[in-house]
Amino acid sequence: MMSRLLREDSPLRCQVIPVTRVKQNCSVIWCAETLRGGVVDPGGEINRVRAFIDERGIEIERLLITHSHPDHAGAAAELAEQLAVPIEGPHRAEAAEMTRMMALAGEHGFDDCRPYRPDRWFEDGDTIPIGHQQLIMLHCPGHTGGHAVYYCEAANLAFVGDILFRNAIGATGSAENHLQLLYSIRRKLFPLGDDVAFVPGHDALSTFGDERVFNPYVSDFAAEDYEHIFDDSRYRQSHPLN
């Protein structure tokens with residue numbers, strides 16, 4: 001999958017490969033200068049992913065996981081074995097969700113899913129080298145407790161998993177999780193800049209600026225109904241969201 005939002009002259013290159021029957025956006029990323037790279041959310045169909053990697057001559061150094069749902073992480077263990085690379089992420093608050101991944105895979109028919117354990121848990125603000133480029137991990141709970149977003153400032157690009165979509169937001173399991181999700185988007189992602197493009201977990205790419213205008217859940221207009229909650233001292237004390 002190519003998009004006008006993925007710059008061909010970017011210092012961090014990206015190829016989005018929709019995988020599994022739910023078309024999850026697995027991303028192969030690499031440093032344009034060194035051809036060293038990584039794979040974000042290898043959820044399945046790793047033969048297609050490996051074919052692209054081999055065709056471009058990319059040296060994969062790590063796999064990055066945004067969250068532990070089977071369409072995003074179901075093939076991580078197998079691909080890590082094949083490439084002899086570590087699995088990194090998400091945030092350690094994902095540990096409980098990870099234990100439920102195989103049950104979720106069974107419920108939704110992801111028969112090729114395998115359990116995984118990360119070689120590295122991330123903390124909010126950790127950095128990840130991709131050749132000469134760098135990603136920053138942002139802990140963005142809501143869809144899951146340890147959901148990670150990976151942001152490259154030099155490329156003006158973020159990989160947001162199932163937190164945010166074009167004109168939509170991620171599913172949540174409770175009103176509290178929903179508020180966490182809104183906080184993650186409004187207070188952690190949007191401040192990165194309107195011109196930042198993002199790869200969502202599914203469907204088309206967008207920019208944070210477009211979502212601030214058009215997204216019916218997190219636009220500036222929509223946020224007038226709830227954003228004041230985030231500034232309430234009682235909420236901040238009971239919800240330490242980084």
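Heads up: the structure comes first, above all this text.
Structure report, in brief. Residue indices follow the written sequence of each chain, beginning from 1 at its first position. With the structure being a predicted model, the display of local features is reserved for residues of pLDDT at least 70 and the display and counting of side-chain atom pairs for 80 or more, all residues being used for whole-chain, interface and lining totals. Note that the side-chain values use all heavy atoms of the structure and ignore hydrogens as well as water.

1. Concerning the pairing of strand β13 (residues 197–200)
Within a regular strand, the side chains alternate between the two sheet faces.
Then comes step 1: For the exposure calls, accessible area comes from a 1.4 Å probe over protein chains only, and a residue counts as buried if that area is under 20% of its type's maximum, exposed if over 50%, partly exposed in between. Helix and strand assignments follow DSSP, with helices taken as H or I runs no shorter than four residues and strands as E runs no shorter than two, numbered in order from the N terminus. Taking every second residue as pointing to the same face, both faces of β13 are buried, with Ala197 and Val199 on one and Phe198 and Pro200 on the other.
Then comes step 2: Between any two strands, pairing holds if DSSP finds at least two bridges. Direction of pairing for strand β10 (residues 157–161) relative to β13: parallel, over a ladder of four bridges. Note on β13: the bridge partner recorded for Phe159 is Val199.
Then comes step 3: Where β13 meets strand β14 (residues 206–207), two bridges bridge the pair, whose relative direction is antiparallel. Within β14, the position partnered with Phe198 by the bridge is Ser206.
Then comes step 4: Following β13, the chain reverses through five residues before pairing antiparallel with β14; Asp203 in that reversal takes a positive phi of roughly 70°.

2. Here's the deal with the pattern of salt bridges
Then comes step 1: Every case where a carboxyl oxygen of Asp or Glu lies within 4 Å of a side-chain nitrogen of Lys or Arg is listed as a salt bridge. According to the stated counting rule, one finds 17 salt bridges in the structure shown.
Then comes step 2: The closest approach of N and O atoms between Glu61 and Arg36, which form a salt bridge, is 3.2 Å. Of the two residues, Glu61 is situated in strand β4 (residues 59–64) and Arg36 in strand β3 (residues 36–40); the sequence distance between them amounts to 25 residues.
Then comes step 3: Measuring nitrogen to oxygen at the nearest pair gives 3.0 Å for the salt bridge that ties Arg212 to Asp194. Taken together, the residues Arg212 in helix α7 (residues 208–214) and Asp194 in the loop between α6 (175–189) and β13 connect sequence positions 18 residues apart.
Then comes step 4: By relative accessible area, which is 27% here, Arg212 ends up partly exposed.

3. Describing the pairing of strand β7 (residues 127–130)
Then comes step 1: On β7, burial follows the alternation: Ile128 and Ile130 on one face are buried, whereas Thr127 and Pro129 on the facing-out side are not.
Then comes step 2: Sheet topology places β7 next to strand β8 (residues 133–139); four bridges connect them, and they run antiparallel. Residue pairing in the sheet places Pro129 in a bridge with Gln134 of β8.

4. A word on the nonpolar core
Then comes step 1: In these notes, a set of buried Ala, Val, Leu, Ile, Met, Phe, Trp, Tyr and Cys residues joined through side-chain atoms within 4.5 Å is what counts as a nonpolar core. Grouped together as the largest cluster of nonpolar side chains are 30 residues, with contacts concentrated most on Val28, Val39, Val49, Ile60, Leu63 and Tyr116.
Then comes step 2: Here the element with the most residues in this core is helix α3 (residues 76–83); it accounts for five residues.
Then comes step 3: We call two residues in contact whenever any of their non-hydrogen atoms come within 4.5 Å of each other. Those residues in contact with Tyr116 that sit more than four places away from it in its chain are Ile65, Ser68, Ala73, Ala77, Ile87, Gly89, Pro90, Met98 and Met101.
Then comes step 4: With 23 residues, the next largest nonpolar core counts Leu164, Leu179, Val218 and Ala223 among its residues.

5. Some thoughts on the sheet that holds β14
Then comes step 1: With mixed pairing, six strands are arranged side by side in an open sheet as β7-β8-β9-β10-β13-β14. On the outer flanks of this sheet lie β7 and β14, each paired with one strand and no other.
Then comes step 2: Two elements, strand β9 (residues 148–152) and β10, share three bridges in a ladder whose sense is antiparallel. Note on β10: the bridge partner recorded for Cys152 is Leu157.

Function cannot be inferred from these measures alone, as they are strictly geometric.
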